[in-house]
Structures are given as structure tokens and as C-alpha cells.
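Examination of the molecular architecture
Each chain is listed here by its residues.
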Amino acid sequence: MSAASMQMTEDQFLCSICLDVFTDPVTIPCGHNFCKACITQHWNVNVPSQCPNCKEVFSTRPGLKVNTFISEMAAQFRQSAQQKASSSSSEQQAAKPRKVPCDVCTGTKLKALKSCQVCLDSYCETHLEPHLTTAGLKKHQLIDPVENLEGRMCTKHDKLLELFCKTDQMCVCMLCTVLDHENHDVAPLKEEYEGKKAELEKTDDEIQQMIQKRRLKIQEIKHSVELSEEDADREIAGGVQVFITLKESVERSQAELIDTIKEKQRKTEKQAEGFIKELEQEICELKKRSTEVEQLSRSEDHLHLLQSFRTLKAAPPTKNWTGVRVSPPSYEGTVVRALNQLEETLSNQTKKLLEVELKRVQQSAVDVTLDPDTAHPKLILSDDGKQVKHGDVRKNLPDNPKRFDTGANVLAKQSFSSGRFYYEVQVKGKTKWDLGVVRESINRKGNITLTPQKGFWTIWLRNQNEYSALAGPPVRLSLKSRPQKVGVFVDYEEGLVSFHDVDAAALIYSFTGCCFTEKLYPCFSPCNNDGGKNSAPLIISPVNHTE
């Protein structure tokens with residue numbers, strides 16, 4: 001192959017992406033050639049598909065087929081180049097992708113061994129030789145090969161950037177430290193590099209820890225979802241079983257009702273059948289008597305008629321049916337009794353469910369203590385913060401913003417802004433009281449309106465047996481028994497506040513669909529002692545989970 005042809009081969013058969021001889025060369029529609037793997041990887045990373053040389057954009061990615069002619073020529077060149085390289089005394093390697101190429105090579109760009117910070121060029125082993133042998137070039141500073149040497153020079157002084165100004169956080173040259181960064185905190189690049197590298201390692205450690213925490217959080221969330229699914233399955237199974245039991249009870253009550261009614265009807269029919277049979281027998285007797293009468297009336301035997309007349313004239317041996325009646329059976333109370341029985345079954349099932357529900361909410365029990373800084377001056381708190389009652393004497397206490405000055409209320413020290421919580425309060429012996437939860441920003445001075453709109457979710461007792469939920473307007477509550485201990489349960493995210501009669505395992509009332517955006521505090525009011533009639537304290541009781 002001639003020198004001219006060889007030169008043309010070197011120019012024409014190098015991939016501009018990998019800087020190496022074509023491997024499986026392909027021609028794209030604009031006419032430029034690339035290795036098939038190189039252009040495919042380029043288009044995988046860069047969208048839309050575009051020629052790396054002329055920047056022509058293709059609306060759809062062109063199909064790629066190997067150009068056999070160029071492939072054969074490239075193979076010939078590669079073979080020639082390998083033979084030339086093997087005959088050379090230096091064993092050099094062609095520059096690979098992501099390797100720094102020699103700036104002097106004209107054909108195949110060989111891998112650079114060093115870069116010169118004075119010449120601002122990179123050299124392969126062959127072209128580096130002058131810097132190793134020529135006296136003037138020996139003084140140049142050689143470094144490991146790097147790209148973009150111009151970017152390592154100070155644009156203002158054309159000197160190597162070999163220092164770092166900590167004051168201005170920038171790389172500078174020696175002249176910069178004298179002219180533009182005088183008296184600044186300056187350090188060698190290597191020193192600053194080591195410091196920054198240590199910071200990066202520390203940052204990476206922190207990032208890895210953050211990643212690990214988030215992975216653990218993902219696992220925690222997934223586990224929560226799994227637990228939620230298990231809870232949902234249990235709830236569905238339990239609910240289905242309850243309704244199956246109720247359905248069976250309804251069907252059983254219905255069958256018993258039908259059997260009772262049919263049995264009464266059967267008795268009525270049997271009685272009627274007896275009456276009908278007896279009447280039919282009497283009809284037969286009467287027909288027989290009628291025949292005898294008719295025959296006798298036709299007789300012309302004077303003696304026989306007179307002798308028989310007396311016997312036939314006598315009243316026939318029949319029953320007096322005047323007062324006989326077949327009345328429909330009475331079904332009064334039959335359906336009512338069936339419904340009462342069904343109601344009793346439903347009541348028992350409801351009680352069981354309420355007992356289960358109470359045990360469930362009791363799992364969210366929290367330790368609650370009273371906050372003396374919020375207590376009305378007439379309230380008396382126990383030393384352990386578990387009891388409160390109303391006293392007759394107004395104590396001289398500092399009127400801080402948290403303290404109630406008119407309503408006989410006190411809040412708990414503990415607040416809640418997420419999740420679920422539950423606590424129990426003994427109300428035994430009291431004729432009136434208020435219980436519930438309030439939001440942090442409620443009004444605590446002057447007259448207070450106890451409604452959800454004002455931040456209060458409470459129930460109360462008045463006049464010994466008048467219970468109401470202060471839903472605005474109040475809802476009068478009809479309770480089967482007077483609660484001696486009240487449980488308060490809150491599900492913050494669900495927007496639920498419910499009150500339970502602990503001893504009866506009965507639901508007193510629930511506020512639903514609440515929208516909580518602030519901290520919630522348990523709220524207590526023993527109300528005034530009413531001349532000693534209401535002197536019993538409210539007592540925050542420990543929750544017995546086994547009940």
C-alpha cells in the first residue's frame with residue numbers, strides 16, 4: 001500500500017468517538033462513519049439521535065448495518081499498524097476511550113505517558129523523548145497525563161495553578177498570591193486536595209448513612225404495610241364471622257317464628273277438622289231421620305203412622321252448634337318476641353365486639369399527669385399529678401398565659417400530635433364533670449365555649465345523670481348505666497375521639513371526621529364541689545390491659 005493510501009487510511013478509518021481503528025464500522029444517513037458499538041452507546045446516552053460530528057438530528061434512530069468495504073479496509077490498516085508497532089523498539093499502546101491521547105501523533109493517537117505543564121501538551125513514549133534528552137526541555141515540569149491542560153493555567157498570569165486561596169475559595173498561581181491575594185490564607189493544592197478529599201469521604205460516609213437510614217425506613221414502612229394488611233385480614237375475618245353469626249341467628253329466629261305460626265295454624269285446622277267431621281256425622285243422622293219421616297208421611301196405615309209418629313217426632317240426637325266457633329289463632333306478640341330474642345343476640349354480639357374494641361384501644365395507653373401551670377386557681381392537684389378536685393379557696397397563683405382563669409379546668413403535661421393515645425379517668429362519686437381533649441391554641445381566659453369549633457372535644461355530666469356530648473349543639477346521651485371510669489381514646493390521623501364506659505365495655509360517644517392540625521392535650525374539669533356534693537376527685541387511673 002502506497003504512502004498516500006496509507007495516509008488516507010489513517011485519516012478515514014479512525015472512529016472519532018473512541019479514537020481507534022473502526023470495529024464493525026457503520027455509516028449513518030449523514031455519511032459519517034463510527035464503530036457500531038460506539039454510536040449505539042452514544043445514542044443510548046444522548047437523546048435525540050444526533051451525529052457526533054455534524055450534529056444532524058434524526059427524528060428516529062437509524063438502523064445500523066456494518067459497512068463491509070470500510071470494515072475490510074480498517075482490518076487491513078489494523079494489521080499494517082500492528083506490524084509497524086511490533087517492528088518498533090518501543091512497545092506502545094493505542095489510546096483507548098477515556099485515556100489521554102498524544103497531542104503530537106498524526107495518525108492513530110497513542111496513549112500519552114506524560115503531560116507537560118510548560119508546553120501544555122501530552123506525549124506518548126516516542127514524542128516524550130525530547131523532554132527526557134534535550135537540556136532545555138528537561139527543565140519542563142512533567143505530570144501524569146491529563147486532559148485540558150489550558151484549564152490548569154492561570155488565565156490572568158499564564159502560570160500554573162498550583163495553590164489554593166482558602167479566603168476566596170479558588171485556585172491561584174504564584175503571582176496571584178503576590179498581586180491579587182496578598183495576605184490571604186493560601187495552601188498548596190495537594191494539601192487542600194487532601195483536606196477536601198477527607199471532607200468528601202466524610203460527606204460520602206454521611207450520605208451512605210442517610211441512604212442506610214432511608215433503606216431502613218423503607219423496610220419499616222413495608223413492614224408497617226404488612227402489619228396493616230394482617231390487621232385488615234383479621235378485621236375482615238372477624239367482621240365476616242360476626243355477620244355470619246348474626247345471619248344465622250336471624251335465619252334461626254325466622255325459622256322459629258314460621259314454625260310457631262304454622263303450629264298454631266295446624267292446631268286451628270285440626271280443631272276445625274274435628275268440628276267438620278262431627279257435623280258431617282250429624283248430617284248423616286239427620287238425613288236418615290229425614291228419610292224415615294218421609295216414608296212414614298206416605299204411609300196409609302193409620303195404626304202404624306200413629307204408633308211411629310211419637311218416636312220420629314222426638315228431637316234428633318244432635319249437638320247445639322250455635323256457640324261453636326273456629327277463631328283464627330292469635331299471633332299477638334309472636335313477632336315481637338322473635339325480635340326481642342334477635343335483639344338480645346345482637347346485643348350480646350355488640351357487647352363482645354365492644355369488649356374487643358376496648359381491649360384494642362387500651363393497647364394505646366399512655367401515662368398522663370396533670371400540669372399545675374394550667375390549673376384554675378381553685379383546683380387542688382395531688383402531689384403525683386394524678387388527681388384533681390375543686391376547692392372553695394382561690395389560691396394566689398401567677399396568671400401565666402397557659403392557666404385557666406374562669407373555667408375550672410386543668411390540662412395534662414403531655415401533648416400528642418400524631419398516632420393514637422388512650423387514658424382512663426375515674427369519675428366515681430361525682431355529680432358533674434367534664435372530660436376530653438383540646439388543641440393547644442384554645443382560649444383559656446374568661447368565658448369558654450366547649451365545642452369542636454373552639455378546639456374542645458369533650459363530654460360532660462350534669463345533675464348526677466344527664467350526660468351530653470358537646471358537639472355544638474350538645475347531643476344528649478342515653479346511657480344504660482352510670483360510668484364509674486371513663487376511657488378516652490384519640491386517633492390523630494383518623495380524626496377520632498371516642499369515650500368508653502370501661503366497666504361496662506360500652507361506647508359512650510365518638511367524635512368522627514375531626515381535623516387535627518395542632519398538639520392535643522387531655523383536659524379535665526372536676527367542676528365546682530357544689531357544697532360538698534361534688535367533692536370527689538377526678539382520678540387518672542392506670543390502665544388494666546387484662547380487663
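Everything numeric in this text was worked out from a predicted model, so none of it was measured.

This part is about the sheet that holds strand S8 (residues 186–188). If you walk across this open sheet you meet the 3 strands as S7-S6-S8, and the pairing is antiparallel. One side of each edge strand has no neighbouring strand; the edge strands of this open sheet are strand S7 (170–172) and S8. Sheet twist, expressed as the average angle between the axes of neighbouring strands with direction ignored, equals 35°. Across 3 bridges, the pairing between strand S6 (residues 163–165) and S7 is antiparallel. Within the sheet, the bridge partner assigned to leucine 163 lies in S7 and is valine 172. Here helix H7 (residues 189–298) sits on the sheet in contact with S6, S7 and S8, set at roughly 90° to S8.

To continue, consider the nonpolar core. Among the nonpolar cores identified, the biggest contains 38 residues, and Trp433, Phe511 and Phe524 are the most heavily contacted of them. With residues up to four places along the chain from it excluded, the contact list for tryptophan 433 reads Val427, Ile459, Trp460, Leu461, Arg462, Tyr467, Val486, Ser525, Cys527 and Leu538. Counting residues in hydrophobic clusters, the runner-up holds 20 residues, among them Phe13, Val21, Phe58 and Leu64.

For the structure shown, the criterion picks out 16 salt bridges. Among the salt bridges present, the one from glutamate 192 reaches lysine 196, with a minimum N-O distance of 2.2 Å. Highlighted residues: glutamate 192 and lysine 196, both in helix H7, separated by 4 residues, approximately one helical turn. The class for glutamate 192 is buried, based on a relative accessible area of 10%. In this structure, glutamate 357 and arginine 360 form a salt bridge, with 3.2 Å as the shortest nitrogen-oxygen distance. Taken together, the residues span about one helical turn, with glutamate 357 and arginine 360 both in helix H9 (residues 334–362) at a distance of 3 residues. Relative accessible area serves as the criterion here: at 37%, arginine 360 is assigned to the partly exposed category. Residues joined by salt bridges that share partners form a network here, namely Lys166, Glu192 and Lys196.

So, about the state of the cysteines. For the structure on display, the rule yields 0 disulfides. Considering cysteine sulfurs only, cysteine 514 is the nearest to cysteine 515, which forms no disulfide, with 9.0 Å between them. On the basis of relative accessible area, cysteine 515 is assigned to the exposed category, the value being 65%.

For the structure shown, the criterion picks out 9 aromatic pairs. Taken together, a centroid distance of 4.0 Å and an interplanar angle of 15° make the contact between phenylalanine 416 and phenylalanine 421 stacked. Judged by relative accessible area, which is 14%, phenylalanine 416 ranks as buried. Note on tryptophan 457 and phenylalanine 516: the rings are 5.1 Å apart at their centroids and 85° apart in plane angle, and the pair reads as edge-to-face. Placement of tryptophan 457 in strand S14 (residues 456–462) and of phenylalanine 516 in the loop between strand S19 (506–511) and strand S20 (520–525) is noted, with a sequence separation of 59 residues between them. On the accessibility criterion, phenylalanine 516 (10% relative accessible area) is buried. The rings of Trp457, Tyr492 and Phe516 are connected pair by pair, giving a single aromatic cluster. The ring of tryptophan 460 has arginine 462 lying over it, and the distance from NZ or CZ to the ring centre is 3.9 Å.

Criteria and thresholds
Residues numbered from 1 in each chain as written. Predicted model: local features only at pLDDT ≥ 70, side-chain atom pairs only at ≥ 80, totals over all residues. Heavy atoms only, no water. Pairing = 2+ DSSP bridges. Helix = DSSP H or I, 4+ residues; strand = E, 2+ residues; numbered from the N terminus. Axes fitted to C-alpha atoms, helices over the stretch in contact; angles between N-to-C directions. Contact = heavy atoms within 4.5 Å. Core = buried A, V, L, I, M, F, W, Y, C linked by side-chain atoms within 4.5 Å. Buried < 20%, exposed > 50% of the residue type's maximum accessible area, 1.4 Å probe, protein only. Salt bridge = Lys/Arg side-chain N within 4 Å of Asp/Glu carboxyl O. Disulfide = S-S within 2.5 Å. Phe/Tyr/Trp six-rings, centres within 6.5 Å; stacked < 30°, edge-to-face > 60°. Lys NZ or Arg CZ within 6 Å of the ring centre and 35° of its normal.

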